[in-house]
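Read off the chains here:
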Amino acid sequence: MPGDGHLFARGVDLPVAASASGSVITTVDGVEYLDGAGGAIASSIGHGRREVVDAMSAQAAAVDYVHATQFTTESAERFAGRVAAVVPVDGARVFPVSGGSEANETALKLARAFHLANGDADRHVIVARVGAYHGNSRGALDASDRLGLRAGYEPWLGQTERVPAVNPLRDGRSGVEHAEALAETIDRVGAERVAAFIAEPVSGATLGAVVPPDDYWPAVARVCHERGVLLIADEVMTGFGRTGRWFGVDHWGVRPDLVTAGKGASSGYWPLGLCVASGPVYEAVVDVFAHGFTWSHHPVGSAVGEAVLDVIEAESLVDNAAVVGDQIRARLREELGTHPNVAEVRGLGMLTGVEFVADRSTLEPFPRSEGVCERVVRACLDRRMTVYPCTSAVDGRVGDAVLLGPPLSVSVADADAMVDRLIDAIRSVLSPA
Ligand SMILES: Cc1ncc(COP(=O)(O)O)c(C=O)c1O
């Protein structure tokens with residue numbers, strides 16, 4: 001291996017990727033993997049798109065980088081306009097950053113800055129859900145609730161108020177009842193102390209593609225609005241077409257105060273995240289918001305984002321995500337619907353979760369020590385396919401699920417092959433049914 005092993009590796013004996021095209025990643029040894037996970041549910045338009053490489057190269061040749069406090073660029077301005085046309089935020093103002101965690105840090109700080117600017121200095125508390133995932137930097141990690149990631153760092157964390165996870169499989173509460181629980185929490189803390197409520201439209205990396213009841217998002221939006229609490233939709237995984245609509249909250253007609261995005265926004269061609277503020281939030285803070293990163297508003301990242309949007313629109317990939325995603329779930333349900341260890345096949349658009357349990361009738365999870373999720377992921381890799389692990393799918397602590405989230409552009413043939421391999425992998429790990 002070049003470099004003599006000095007890379008701080010994130011895995012052991014990893015295959016070495018040499019090229020990638022569409023939904024296929026090829027190693028230096030010529031082995032082909034189907035990218036069922038789209039990396040980390042990030043690849044939206046598929047790999048190897050020449051038009052994105054060309055846009056990136058043209059922008060780097062024209063203006064590689066300028067600092068956003070010294071210059072703006074046509075690239076960043078144009079991309080913001082394109083995002084504003086699709087994001088469900090009124091009077092959208094787009095703050096480009098380098099990833100989902102940075103986007104959420106930006107949103108949390110914007111919420112605080114908004115209240116400060118309005119003279120509400122006590123409003124600093126963030127409310128988030130059990131089993132949430134909002135990122136790995138300190139502020140975003142505190143909003144997150146995944147034991148495996150928080151463990152050890154708890155002395156730095158603990159400022160977030162928690163409301164229950166929304167998980168229809170295990171919890172019969174309606175969306176309105178969940179919204180009442182949110183209202184109770186805000187009222188207990190004191191609305192005059194609460195800055196924002198942050199949640200994923202469809203729970204992704206921790207719980208594994210859990211879709212809330214249809215009445216959930218409108219009801220929580222109402223609760224927040226009535227109490228002057230800003231609503232942050234974390235669309236890092238669900239944004240830019242992943243769920244078969246432009247943004248996850250579009251399924252329920254909600255327009256949050258802040259929307260964050262990442263992953264599919266650049267499809268992985270550039271480390272890109274976005275925090276989108278509403279017009280009123282922007283107007284309140286624009287003169288006082290002391291925040292930014294060296295790489296924010298990057299002209300090349302913006303050119304990539306625009307080229308990715310061009311492909312999504314030209315190839316109707318949002319619709320493809322809806323249609324092919326439904327086909328994926330239909331086949332998985334047909335084949336695994338009665339499997340004694342499959343609790344549920346769920347999801348929306350090109351985001352599908354399969355949850356495994358020790359006992360389907362009681363929903364008793366496997367002990368974490370059995371590593372069922374890890375074994376299914378390994379069995380998929382043995383069958384030359386990636387899936388995304390969810391190792392705490394019940395409540396951020398225990399539970400096993402995998403996400404199947406290939407590029408939105410995946411062909412029906414590749415999607416079928418992914419489903420075949422996943423079913424085979426599951427049957428090899430768990431008792432066949
Ligand atoms: C909903 C959500 N928010 C935030 C993040 C963090 O994004 P990043 O890993 O780009 O920092 C993720 C990543 O999985 C995510 O799924």
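Residues numbered from 1 in each chain as written. Predicted model: local features only at pLDDT ≥ 70, side-chain atom pairs only at ≥ 80, totals over all residues. Heavy atoms only, no water.

Turning to the domain arrangement of the protein, a few remarks are in order. Partitioning the protein into structural domains gives domain 1 (17–48 + 316–429) and domain 2 (51–314). Each partner contributes to the interface: domain 1 provides 41 residues, whereas domain 2 provides 39 residues. The junction of domain 1 with domain 2 conceals about 3100 Å² of combined surface from both sides, 58% of it contributed by carbon and sulfur atoms. Ranking the residues of domain 1 by area buried against domain 2 places Ile45, Val318 and Leu348 at the top, with a combined share of 21%. Applying the counting criterion to the domain 1 and domain 2 interface returns two salt bridges. (Domains from an automatic or database assignment. Contact = heavy atoms within 4.5 Å. Buried area = accessible area lost by both parts, 1.4 Å probe. Salt bridge = Lys/Arg side-chain N within 4 Å of Asp/Glu carboxyl O.)

With that settled, consider the environment of aspartate 414. With respect to the helices and strands, the residue aspartate 414 is situated in helix H13 (residues 412–429). Counting along the chain gives 378 residues from aspartate 414 to glycine 36, while the straight-line C-alpha distance between them is 9.1 Å. Contact partners of aspartate 414, with chain neighbours within four places excluded, come to Ser23 and Leu34. (Helix = DSSP H or I, 4+ residues; strand = E, 2+ residues; numbered from the N terminus.)

This brings us to the pattern of salt bridges. Pairing between side chains of opposite charge can happen when their charged atoms approach one another. Counted by the stated rule, this structure contains 27 salt bridges. Between arginine 173 and aspartate 171 there is a salt bridge whose closest N-O contact spans 3.4 Å. With relative accessibility at 15%, the residue aspartate 171 sits in the buried group. Residues arginine 378 and aspartate 382 are paired through a salt bridge, measuring 3.2 Å at the closest nitrogen-oxygen approach. Taken together, the residues arginine 378 and aspartate 382, both in helix H12 (residues 372–382) and four residues apart, mark about one turn of the helix. When its relative accessible area of 48% is taken as the criterion, arginine 378 is described as partly exposed. Salt bridges sharing partners connect three or more residues here, namely Arg78, Arg82, Glu306, Asp310 and Glu313. (Buried < 20%, exposed > 50% of the residue type's maximum accessible area, 1.4 Å probe, protein only.)

A few words now on the nonpolar core. In terms of nonpolar packing, the biggest core is built from 54 residues, with Val83, Leu182, Phe197, Trp217 and Leu274 touching the most fellow members. Looking at this core, the element that brings in the most residues is helix H8 (residues 216–226), giving six residues. Residues within four places of valine 83 in sequence aside, it is in contact with Val94, Phe240, Leu274, Val276 and Leu309. Of all hydrophobic cores here, the second largest spans 44 residues; its members include Val308, Val318, Ala321 and Val419. (Core = buried A, V, L, I, M, F, W, Y, C linked by side-chain atoms within 4.5 Å.)

All told, the structure shown has one cavity of 30 Å³ or more when counted by the stated rule. By volume, the largest cavity is sized at about 50 Å³. Around the largest cavity, the lining residues are Arg129, Val163, Pro164, Val166, His178, Ala181, Leu182, Phe197, Tyr216 and Val220. If you list the elements that add at least two residues to the lining of the largest cavity, you get helix H7 (175–189) and H8. Looking at the lining of the largest cavity, the element that brings in the most residues is H7, giving three residues. Broken down by class, the residue content of the lining of the largest cavity amounts to eight nonpolar, one polar and one charged. (1 Å grid on protein atoms, 1.4 Å probe; cavity = no way out; pocket = protein on both sides within 12 Å on 5 of 7 lines; lining within 4 Å. Points joined across faces, edges and corners; volume = space filled by probe spheres on them. Nonpolar A, V, L, I, M, F, W, Y, C, P; charged D, E, K, R; others polar.)

Okay, the site of the ligand next. The immediate surroundings of the ligand are formed by Gly99, Gly100, Ser101, Asn104, Tyr133, His134, Gly135, Glu200, Asp234, Val236, Met237 and Lys263. In the environment of the ligand, a nitrogen atom lies 2.7 Å from a nitrogen or oxygen atom belonging to the side chain of aspartate 234. A distance of 2.9 Å is found between an oxygen atom of the ligand and a side-chain nitrogen or oxygen belonging to lysine 263. The protein chains hide 83% of the 390 Å² of surface that the ligand would expose on its own. Ranked by residue count, the leading element in the shell around the ligand is helix H4 (residues 100–117), at three residues. Taken together, the residues of the shell around the ligand break down into three nonpolar, six polar and three charged. (Near = heavy atom within 4 Å. Polar contact = N/O pair within 3.5 Å; in protein donor to acceptor, adjacent residues only side chain to side chain. Areas by Shrake-Rupley, 256 points an atom, 1.4 Å probe, with all protein chains shown as cover.)

What follows covers helix H11 (residues 317–336). Given a rise of 1.5 Å per residue, 20 residues ought to cover 28 Å, and the 27 Å separating the end C-alpha atoms of H11 matches this to within 8%. Here the buried face of H11 lies against helix H10 (299–314), strand E11 (342–348), strand E12 (351–356), strand E14 (400–404) and H13. (Expected span 1.5 Å × (residues − 1).)

Here the focus is the pairing of strand E9 (residues 258–261). Alternating residues of E9 divide into Leu258 and Thr260 and Val259 and Ala261, and every residue in both groups is buried. Pairing of strand E8 (residues 230–234) with E9, which is carried by three bridges, proceeds in the parallel orientation. Residue pairing across strands places isoleucine 232 opposite leucine 258, the latter belonging to E9. Bridge analysis of E9 against strand E10 (residues 273–277) gives four bridges, and the strand direction is antiparallel. In the strand pairing of E10, threonine 260 is matched with cysteine 275. (Pairing = 2+ DSSP bridges.)

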